[in-house]
There are 2 protein chains.
Amino acid sequence: MKLHVNRRAATSITQQLEDGIRDWIQDHGAGGGRRLPSIRRLAATHDISRNAVIEAYERLVAAGLVRSKPGSGFYVADHATSLASRPSATHALEEVTTGMWGLFSAEEHSLKLGCGWLPSHWREGDDLTHAIRQVARKSRSGIFEYSTPQGPLDLRGLIQERLRPLAIAADAQQIVMTGGGSHSLDLLVRMLLEPGDVVFVESPGYYNLFGLLHLQRVRVIGGPRLADGPDIERLEALLAQHRPKLFFINSVFHNPTGSSITPGIAHRILQLANQYDIQIVEDDIYADFQHTPTTRLAALDGLDRVIYLGSFSKSLSSSLRVGFIAAPVAWVQRLVDIKMLTSISASRFAEQVVTTMLQNGSYRKLTERLRVKLSDQMAIALSMLKQAGWEIFNEPVGGMFVWAKPPEAISPETLSELANQWEITLSAGHLFFADHQPTPWLRLNVAYMQDARAKAFIEAAS
Amino acid sequence: MKLHVNRRAATSITQQLEDGIRDWIQDHGAGGGRRLPSIRRLAATHDISRNAVIEAYERLVAAGLVRSKPGSGFYVADHATSLASRPSATHALEEVTTGMWGLFSAEEHSLKLGCGWLPSHWREGDDLTHAIRQVARKSRSGIFEYSTPQGPLDLRGLIQERLRPLAIAADAQQIVMTGGGSHSLDLLVRMLLEPGDVVFVESPGYYNLFGLLHLQRVRVIGGPRLADGPDIERLEALLAQHRPKLFFINSVFHNPTGSSITPGIAHRILQLANQYDIQIVEDDIYADFQHTPTTRLAALDGLDRVIYLGSFSKSLSSSLRVGFIAAPVAWVQRLVDIKMLTSISASRFAEQVVTTMLQNGSYRKLTERLRVKLSDQMAIALSMLKQAGWEIFNEPVGGMFVWAKPPEAISPETLSELANQWEITLSAGHLFFADHQPTPWLRLNVAYMQDARAKAFIEAAS
């Protein structure tokens, strides 16, 4: 094995070795059990340190590509070839993120049928504008100063109140304000995971999370999501096999399927988490779209092994960047430290705007109206899809998302051409799968289905 | 060597091993050359995987505590005892951050003499409030929507214009909007550094950066900062010895010394960077406090090996969270990917407020007034300190910071008691040194020295 090592590259020697060995395994279709060069030999051949080789091998072991036999050496692992093609090196970040940000920079006139937020014209501006003007007028600290490290106590108190109907007993001291749901996930990833750790995600699931985990160089195992929550049988088998450290779950109005976990499934997940000693991150950023609260993992567990996160980005404003984490008390100080080191507090202005709207009741009223509007539109969307013969994964009772596929086999390319024809921007379905497998399923945002172009596209794709 | 390994701990086995071996070296005052247990023996004794042991040893090698002799084993490195006490494990994050956030949650009435931002009453609210109201009134997308991944093009164009007088030729395509200076540093750390990498910082320097680098598990080497920039002789010696990957430098109105690099030093730094093939991050968040532009590294280098960062937090508002990175073109896409994965864009609202103030000229006028006010107050502060007999590191021509020490030896405890007595909050001097060495030097913010309590404290400490 002769690898190409360039000392002047932006990529470290270790990374180059890791990539090189990975490529070699893939290119040679090397079967399990084949012996790899010794640490000493690789180091000598390429005139590099033994440490760099050890580290590269260790990463490949962590990625499941290579097996280490103590006292003997390193061997290609079984099924390594299929794993090798999965991008997991830093330089492959572009591959993971390809197609992810298109919706954020799509043309104004384009219909963002595949997107993860409400259209601007659905949002109600009066109360928000009013709150913004009020904070700007009344609070010098609000427009000028850094926020406090954990976030304002009054806001955390209001969030504590909002979690009560969900039966989540989080004290304000357990709540840390963040810059939105993705920022919350990032803080947790940095606090809880190290390169090489194994984590569980739902597949299909939130693709930004997959990219984030890739960035942290952890090994991601996807468990299937069904209409009532994760597939428990598969989950148990995968837990026994992979022993992950952490499980990320989007419990209510799941992205992309729109499904919510049932109480029974929630209970089973926690039993398994106890049995296999794993922590759970419950992503509940669509909570305020729900009419009647259902069972949360954090409510059953009492914030012991469950860390809960919420956001105001989907309901109120994606521009303000306000979210929160409710965590076990023992984690709070470390979370705050990481938040401060990586971004020095969230926006005090945005926090005060949200505080104002929680205090004066306008946020509650706004979400009530939004829920009615969304469930009306959900019913219309489901009926439209059924008439066109599309298969629907499950029928959500609310939220933004329907996970559906056209009645006949249709290639992603054809779908994309049809979308272009109607000036529609989609999210490519494969992004939602942890292994980016090709798929005919699409995430459709019902709030955009009022537009005549949506109906035309759905019918054309049938 | 018997280490304590707990499988149920939040900390990984590898981390526990690393910490245990580190503690053992420190506790036993183990001299260089002492042999450590073999991988196989440690793994067998503690019933853990050989891989975990290898990784722990590799980290200790990277941290300079352990030497690896190929074919022989692992040995305690020379000077390991002094390094061992330096906190570098995740669980020691609290140790690194102790005392760092006090100023962010200090009482309203306390005089924040040690702090890194302007007092609220120094800030001018009218233009900012006006811009906030304008964006709230005119822009639905501004109050509701995610920003674009790289940030709005008009804002990036305006920043391009602002960099022109500094002779920094950054095209708008090379500029990425961020959530402030610390967020910019974090994005760069994640893009450029891996655990075990060696980086250079200025010491004294920005303590949040030290904590951030600790979080990323890189090895931090501090080079002395003099009144005209880094100590070039020491820098060269340290470069030759440690071969770092990256050098972080705060070129103008340096935090905490208030000093700025001279053109000659800037030129020498770039020569050395070329010779030793390192990248430079130029932190220029105090740029807008400068009357007459001086030489920037990014101007000499043309954004080739220099990545430049700026912010609106110090001049306009710390609450809004708006900063930017100007990077070599090749890095832009990866920076955007990391930004999106970790926080999904910055605040579009805050970006539009800054855009408005750059467009209507109010930001320029505001910083002009601020500069005059700051240099007046700097002169008063320097004269006050001299009268009280304090030693001044160098006499800044502008900016917020003076780095000074009382005339007689005085313990940090006594200083802290005096500060309490006058209801003053300081930044502990040792935080500014990469190795947290005890020091009588203090960072004083001249904008707070108008308050009578500052004079009383300075005289009492003399």
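It should be emphasised that the depicted structure is a prediction, and the values quoted were computed from it without experimental measurement. The written sequence of each chain sets the order in which its residues are numbered from 1. Here the convention is simple: chains get letters from A, ligands get numbers from 1, in the order in which they are written. Local features in a predicted model are, by the rule used here, given only for residues with pLDDT of at least 70; side-chain atom pairs are given and counted only at 80 or more, and totals for whole chains, interfaces and linings are based on all residues. Hydrogens and water are ignored here; the side-chain numbers use all heavy atoms of the structure.

A. Spotlight on the overall build of chain A. The secondary structure listing takes helices from DSSP runs of H or I that are at least 4 residues long and strands from runs of E that are at least 2 residues long, numbered from the N terminus. A count of helices and strands for chain A gives 18 helices and 13 strands. Between the two quantities, the radius of gyration covers C-alpha atoms and the globule rule is 2.2 Å times the number of residues to the power 0.38. Relative to the globule expectation of 23 Å for 462 residues, the C-alpha radius of gyration of chain A, 24 Å, shows essentially globular dimensions. Projected onto the principal axes, the alpha-carbon positions of chain A cover approximately 70 × 55 × 45 Å. One finds the centroid of the 47 positive side-chain charges in chain A at a distance of 5 Å from the centroid of its 47 negative side-chain charges. Counting rule for charge: Lys and Arg are taken as positive, Asp and Glu as negative, and neither His nor the chain ends is counted. We put the charge of a Lys on NZ, of an Arg on CZ, of an Asp on CG and of a Glu on CD.

B. A look at the nonpolar core. Within the largest apolar cluster, 282 residues are counted, with the highest numbers of intra-cluster contacts made by A:F248, A:F457, B:F248 and B:F457. When near neighbours in sequence (up to four residues on either side) are disregarded, A:F248 contacts A:L185, A:V189, A:L193, A:V199, A:F200, A:V201, A:E202, A:L209, A:L213 and A:V281. In this description, a nonpolar core means a group of buried Ala, Val, Leu, Ile, Met, Phe, Trp, Tyr and Cys residues linked to one another through side-chain atoms lying within 4.5 Å. Each residue is placed in one exposure class: buried if its accessible area under a 1.4 Å probe, protein chains only, is under 20% of its type's maximum, exposed if it is over 50%, and partly exposed if it falls in between. Grouped together as the second largest cluster of nonpolar side chains are 44 residues, A:A52, A:V61, B:L3 and B:L65 included. We call two residues in contact when some of their heavy atoms are within 4.5 Å.

C. Region of interest: the interface of chain B and chain A. Contact with chain B, which involves 82 residues of that partner, is made by 82 residues of chain A. Buried area between chain B and chain A, summed over both chains or domains, comes out near 7,400 Å², and the portion from carbon and sulfur atoms is 55%. Among the residues chain B hides against chain A, the three largest losses belong to B:F144, B:Y146 and B:L341. Together they make up 12% of the total. The salt bridge criterion pairs a side-chain nitrogen of Lys or Arg with a carboxyl oxygen of Asp or Glu, the two atoms within 4 Å. Between the two partners, chain B and chain A, sit eight salt bridges. The closest approach of N and O atoms between A:E94 and B:R334, which form a salt bridge, is 3.9 Å. By the criterion applied in these results, polar contacts are pairs of N or O atoms within 3.5 Å in which, for protein atoms, one can donate a hydrogen and the other can accept it, and in which residues neighboring in sequence qualify only through two side-chain atoms. Here chain B is connected to chain A by 36 residue pairs in polar contact (both at pLDDT 80 or more). If you list the elements that add at least two residues to the side of chain B that touches chain A, you get α3 (50–62), α5 (93–97), α6 (126–138), α7 (140–144), α9 (181–192), α10 (207–215), α14 (329–343) and α15 (348–359) of chain B. No other element matches α14(B), which puts nine residues into the side of chain B that touches chain A. Buried area is understood as the total, over both parts, of accessible area removed when two parts are fitted together, assessed with a 1.4 Å probe.

D. Seen up close, the environment of A:Q352. Residue and element names in this part refer to chain A. By the element assignment, Q352 lies in helix α15 (residues 348–359). Assessed through its relative accessible area of 18%, Q352 is described here as buried. Here the alpha-carbon distance between Q352 and G151, two residues 201 residues apart in the chain, equals 10 Å. With residues up to four places along the chain from it excluded, the contact list for Q352 reads V135, S139, S141 and G142.

E. Main features of the pattern of salt bridges. Tallying each qualifying case throughout the model produces 44 salt bridges over all chains. For A:E202, the salt bridge identified is with A:R225, shortest N-O distance 2.6 Å. Of this pair, A:E202 sits in strand β4 (residues 198–203) while A:R225 sits in strand β5 (residues 219–226); the two residues are 23 residues apart in sequence, bridging distant segments of the chain. Among the residues examined, A:E202 registers a relative accessible area of 5% and is labelled buried. Here A:R225 falls in the buried class, since its relative accessible area comes to 2%. Ionic pairing is found between A:R453 and A:D451, a salt bridge with its closest N-O pair at 3.1 Å. Among the charged side chains, a network of salt bridges with common partners joins A:E18, A:R22, A:E55, A:R59, A:R217 and B:E194.

F. The arrangement of unusual backbone geometry in detail. Following A:S203, the chain continues into A:P204 via a peptide bond in cis, with omega recorded as 5°. As for its position among the elements, A:P204 is in the loop between β4 and α10 (207–215). Looking along the chain, the bond that leaves B:N255 and enters B:P256 is cis, with omega of 15°. Note on placement: B:P256 falls in the loop between β7 (246–250) and α12 (263–276). For A:L303, which is not glycine, the phi torsion reads 55° and is therefore positive. Position of A:L303 relative to the elements: it lies in the loop between α13 (297–301) and β9 (306–311). Of the residues examined, A:L303 reaches a relative accessible area of 5% and is grouped as buried.

G. How the structure looks around the sheet that holds strand β8 (residues 279–283) of chain B. All names here are of chain B. At least two DSSP bridges between two strands are required for those strands to pair. One open sheet accounts for eight strands, arranged β3-β10-β9-β8-β7-β4-β5-β6; its pairing is mixed. Each having just a single partner strand, β3 (175–178) and β6 (229–230) make up the two edges of the open sheet. Sheet topology places strand β4 (residues 198–203) next to strand β5 (residues 219–226); six bridges connect them, and they run parallel. Its bridge partner lying in β5, V198 is registered against R219.

H. Just the relation of the copies chain B and chain A, in detail. For the least-squares superposition of copies, only C-alpha atoms count, and only for residues with pLDDT at least 70 in both. For the match of chain B to chain A, the screw axis carries a shift of 0.0 Å, the RMSD comes to 0.1 Å, and the turn is 180°. The superposition operator between the copies reduces to a two-fold rotation axis. Residues of chain B ranked by C-alpha distance from the rotation axis are headed by B:R133, positioned 3.0 Å from it. A shared interface surface links the copies, since 100% of the contact residues of chain B are contact residues in chain A too.

I. How the structure looks around the packing of aromatic side chains. Here a Phe, Tyr or Trp ring, Trp counted by its six-membered ring, pairs with any other such ring whose centre lies within 6.5 Å, and the pair is stacked when the planes are under 30 degrees apart, edge-to-face when over 60, and tilted otherwise. Taken as a whole, this structure holds 35 aromatic pairs over all chains when the rule is applied. Ring geometry for A:Y146 against B:F104: centres 5.4 Å apart, planes inclined by 70°, an arrangement best described as edge-to-face. Of this pair, A:Y146 sits in the loop between α7 (140–144) and α8 (153–163) while B:F104 sits in the loop between α5 and α6, on two different chains. Each member of the pair, A:Y146 together with B:F104, is buried.

J. Structural detail: the side chain of B:D197. Residue and element names in this part refer to chain B. Positionally, D197 belongs in the loop between α9 and β4. A distance of 2.8 Å separates a polar atom in the side chain of D197 from the backbone nitrogen of E194. Among residues more than four places away in sequence, those in contact with D197 are L192, V218, R219 and K245.

K. How the structure looks around helix α18 (residues 452–460) of chain B. Residues and elements named next belong to chain B. Of all the residues in α18, the buried ones are A454, A456, F457 and I458. Looking at the packing, one finds that the buried side of α18 touches α16 (362–387), α17 (412–421) and β13 (442–445). Residue D451 occupies the N-cap position of α18, its side-chain oxygen lying 2.8 Å from the main-chain nitrogen of R453.

L. Structural detail: the environment of B:I159. Residues and elements named next belong to chain B. Relative to the helices and strands, I159 resides in helix α8 (residues 153–163). On the accessibility criterion, I159 (1% relative accessible area) is buried. A C-alpha to C-alpha distance of 39 Å links I159 and K455, two positions 296 residues apart in sequence. With residues near it in sequence (within four places) discarded, I159 still touches I175, M177, F312 and F324.

M. Spotlight on the domain arrangement of chain A. For chain A, the domain assignment lists domain 1 (13–85), domain 2 (96–122 + 364–460) and domain 3 (139–360). An automatic or database domain assignment is the source of the domain bounds shown. Computed from C-alpha atoms alone, the centre-to-centre distance between domain 1 of chain A and domain 2 of chain A is 42 Å.

N. Up close: the sheet that holds strand β12 (residues 401–405) of chain B. Residues and elements named next belong to chain B. With respect to topology, three strands assemble into an open sheet ordered β11-β12-β13, the strand pairing being antiparallel. In this open sheet, the two edge strands, each paired with only one partner strand, are β11 (391–392) and β13. Alignment of β11 against β12, held across two bridges, turns out to be antiparallel. Looking across to β12, one finds that I392 is bridged to A404.

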